[in-house]
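Below are the chains, spelled out letter by letter.
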Amino acid sequence: MAQLIPSDEIERCLRLCLSAEGYRLSPPRRNGETGADLIATKGDDEHFIEVIGFREFPPARSKDFYEVFFRAVSRLVDGAKKLVIALPRRFAQGLPTRASHYGEAWRRMGTAFPELEIWLVNCDPPSYQRTSWNHWLKKE
């Protein structure tokens, strides 16, 4: 199963962006190491960030997305106040459909976890866009 955009590339690009914004960054994790993929801190602003890549097959992308959701919200036990799922900008094409498919359940997850955001990362040139979880629901 090919990874069209590897998670380590997404993390590298996000690290460049956040570092340029003055965030202090946790060191890259080693294979098998647990914890958030990246913790970015600037003053009192601290983000616990989980990163995924973009795989070739839609079922693999779905599996990665659902797993990263649970990894992100599990950081609450570590005292996280801001939770982030960082993924390739390419995910933006499918997020409205995914949110619409789950509808009320998606909205409730956004309500239950108001600290959860989705960040879309672009690697060329390095940039990212911050969005709320419920940003992806169609406005009625």
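Cut-offs applied
- Residues numbered from 1 in each chain as written.
- Predicted model: local features only at pLDDT ≥ 70, side-chain atom pairs only at ≥ 80, totals over all residues.
- Heavy atoms only, no water.
- Phe/Tyr/Trp six-rings, centres within 6.5 Å; stacked < 30°, edge-to-face > 60°.
- Helix = DSSP H or I, 4+ residues; strand = E, 2+ residues; numbered from the N terminus.
- Buried < 20%, exposed > 50% of the residue type's maximum accessible area, 1.4 Å probe, protein only.
- Axes fitted to C-alpha atoms, helices over the stretch in contact; angles between N-to-C directions.
- Parallel < 35°, antiparallel > 145°, perpendicular 65-115°, else oblique.
- Left-handed = near helix turned anticlockwise from the far one by under 90°.
- Contact = heavy atoms within 4.5 Å.
- Nonpolar A, V, L, I, M, F, W, Y, C, P; charged D, E, K, R; others polar.
- Pairing = 2+ DSSP bridges.
- Core = buried A, V, L, I, M, F, W, Y, C linked by side-chain atoms within 4.5 Å.

**Brief notes about the packing of aromatic side chains**
At step 1: If you walk through the whole model with that rule in mind, you get eleven aromatic pairs.
At step 2: Look at Phe-54 and Phe-91: their rings are 5.3 Å apart centre to centre, the planes differ by 80°, and that puts the pair in the edge-to-face class. Here Phe-91 lies in the loop between β6 (83-88) and α3 (95-112) and Phe-54 lies in strand β5 (residues 54-55), a separation of 37 residues in the sequence.
At step 3: Note on Phe-91: relative accessible area 4%, which makes it buried.
At step 4: Arranged with centres 5.0 Å apart and planes meeting at 35°, the rings of Trp-119 and Tyr-128 form a pair that is tilted.
At step 5: Each member of the aromatic cluster is reached from another via a ring pair, and the members are Phe-54, Phe-65, Tyr-66, Phe-69, Phe-70, Phe-91, Tyr-102, Trp-106, Phe-113 and Trp-133.

**Quick look at the packing of helix α2 (residues 58-73) against α3**
At step 1: Two elements in contact, α2 and α3, have axes separated by 14 Å at closest approach and are oriented at 30°. In terms of axis orientation, α2 runs roughly parallel to α3. The two elements α2 and α3 cross, and the hand of that crossing is right-handed. In contact with Ser-62, Phe-65, Tyr-66 and Phe-69 of α2, α3 contributes Leu-95, Arg-98, Tyr-102, Trp-106 and Met-109.
At step 2: Its residues placed into classes, the contact of α2 with α3 shows seven nonpolar, one polar and one charged.

**Examining the pairing of strand β4 (residues 45-51)**
At step 1: By the criterion of burial, β4 is predominantly enclosed, with six of the seven residues buried.
At step 2: Across five bridges, the pairing between strand β3 (residues 38-42) and β4 is antiparallel. Counterpart to Thr-41 in the pairing with β4 is Glu-46.
At step 3: If you look at the hairpin formed by β3 and β4, you'll find two residues sitting between the two strands, and Gly-43 has a positive phi there, around 60°.
At step 4: Examined bridge by bridge, β4 and β6 share four bridges and lie parallel to one another. Its bridge partner lying in β6, Val-51 is registered against Ala-86.

**What to know about unusual backbone geometry**
At step 1: The amide bond that connects Asp-124 to the next residue, Pro-125, takes the cis arrangement and shows omega of -5°.
At step 2: Its location among the elements puts Pro-125 in the loop between β7 (116-123) and β8 (126-132).

**Comments concerning the nonpolar core**
At step 1: Counting residues in hydrophobic clusters, the biggest one holds 40 residues, and the most contacted among them are Leu-14, Leu-18, Ile-49, Leu-87, Leu-95, Trp-106 and Ile-118.
At step 2: At six residues, the largest contribution of residues to this core is made by β7.

**Remarks on the environment of Pro-96**
At step 1: You can see Pro-96 is positioned in helix α3.
At step 2: With relative accessibility at 27%, the residue Pro-96 sits in the partly exposed group.
At step 3: Taking C-alpha positions, Pro-96 is 20 Å from Glu-115, a pair spaced 19 residues apart along the chain.

**Brief notes about the pairing of β8**
At step 1: In terms of strand pairing, β7 meets β8 through seven bridges, oriented antiparallel. Looking at β8, one finds that Asn-122 is bridged to Ser-127.
At step 2: In sequence, β7 turns back onto β8 through a hairpin of two residues.

Taken by themselves, the reported measurements are silent on function.
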